[in-house]
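Residue-level listing of the chains:
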Amino acid sequence: MKEKFYRTLREHFVKLETRLNQLDAVIGDGDHGTTLLKGLTAISNSKLPPAKAFRAETGGASGSLFSILVGAIDEAIDNSSNFGQILSDAVKKISTIGDAKEGDKTMVDALVPAAKAALEKPIDALKEASIASKAGASKTINMAARKGRAKYVENGGVGHIDPGAFSSSEMLTFLYNFDRLENEKTL
């Protein structure tokens, strides 16, 4: 199941690569989609655990931070009943390593509400995390960045969604949809 998950997640991000690069070009360096796709491709081509394969291929700050999210997703595939805690632990690591908090216009803005929602409603954790992550990512449009390259853009990128928040939300939503479809097949 994991192999299928990562293969189809990669396919999803192939379709998103240009859009993510465009979002990143406005407030970053324009390679966010390409970086994520490199990491997701590495997962399928490596014998390393997914988070390590992702981090080894992408490097840099965003690679390290997204590898933590990939690790949480990987753990959740095996243990979705504990997803709220898994995601919450990952968000704490991402926040600490990235020195970011909610409101800084980063991936944390999608992940904090997702983790809270998953903890509050453990029976529907994946669904609730997906919904909350989308709302959190959307809020970054009106935020001025306090972290990352976006803080150096005029007005801190106000008016533009944070690509990291958007792609984090896409990963969580993909996990929810994949899990839902796989569960429907077993019924």
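Given the structure is predicted, the values throughout are model-derived calculations rather than measurements.

(A) Geometry of the layout of surface pockets. Within this model, the largest pocket holds a volume of roughly 690 Å³. Counting only elements with at least two residues in the lining of the largest pocket, the list comes to helix H1 (2-27), helix H2 (32-44), helix H4 (60-78), helix H5 (83-98) and helix H8 (163-186). The dominant element in the lining of the largest pocket, judged by the number of residues it contributes, is H4, at six residues. In the lining of the largest pocket, the residues fall into eleven nonpolar, twelve polar and seven charged. The volume enclosed by the second largest pocket comes to roughly 200 Å³. In terms of lining residues, the second largest pocket is bounded by Ser80, Ser81, Pro122, Ile123, Asp124, Ala125, Leu126, Lys127, Tyr176, Asp179, Arg180 and Asn183. Looking at the lining of the second largest pocket, the elements with two or more residues in it are helix H7 (125-139) and H8. Per element, the largest residue contribution to the lining of the second largest pocket is four residues, and it comes from H8.

(B) How the structure looks around the pattern of salt bridges. Throughout the structure, instances matching the rule amount to eight salt bridges. Of the charged contacts in the structure, one is a salt bridge between Lys4 and Glu182, with a shortest N-O distance of 2.9 Å. Of this pair, Lys4 sits in helix H1 while Glu182 sits in helix H8, and the two are 178 residues apart along the sequence. Put simply, Asp104 and Lys101 hold a salt bridge, and the shortest N to O gap is 3.6 Å. The buried category is assigned to Asp104, whose relative accessible area is 1%. Each of the salt bridges in this network shares a partner with another, and the network as a whole consists of Lys2, Asp74 and Asp78.

(C) Spotlight on the packing of aromatic side chains. Taken as a whole, this structure holds four aromatic pairs when the rule is applied. Consider the rings of Phe5 and Tyr6, whose centres lie 5.1 Å apart with planes at 75 degrees: the pair is edge-to-face. Here Tyr6 falls in the buried class, since its relative accessible area comes to 5%. Among the aromatic residues, those joined into a cluster by ring pairs are Phe5, Tyr6, Phe174 and Phe178.

(D) Representation of the environment of Asn82 in the model. For Asn82, the position within the fold is in the loop between H4 and H5. Look at Asn82 and you get partly exposed, because its relative accessible area is 36%. Note: C-alpha distance between Asn82 and Ala125 (43 residues apart in sequence) is 8.4 Å.

Conventions we followed
- Residues numbered from 1 in each chain as written.
- Predicted model: local features only at pLDDT ≥ 70, side-chain atom pairs only at ≥ 80, totals over all residues.
- Heavy atoms only, no water.
- 1 Å grid on protein atoms, 1.4 Å probe; cavity = no way out; pocket = protein on both sides within 12 Å on 5 of 7 lines; lining within 4 Å.
- Points joined across faces, edges and corners; volume = space filled by probe spheres on them.
- Helix = DSSP H or I, 4+ residues; strand = E, 2+ residues; numbered from the N terminus.
- Nonpolar A, V, L, I, M, F, W, Y, C, P; charged D, E, K, R; others polar.
- Salt bridge = Lys/Arg side-chain N within 4 Å of Asp/Glu carboxyl O.
- Buried < 20%, exposed > 50% of the residue type's maximum accessible area, 1.4 Å probe, protein only.
- Phe/Tyr/Trp six-rings, centres within 6.5 Å; stacked < 30°, edge-to-face > 60°.

Remember, this is a structural readout, not a statement about activity or role.
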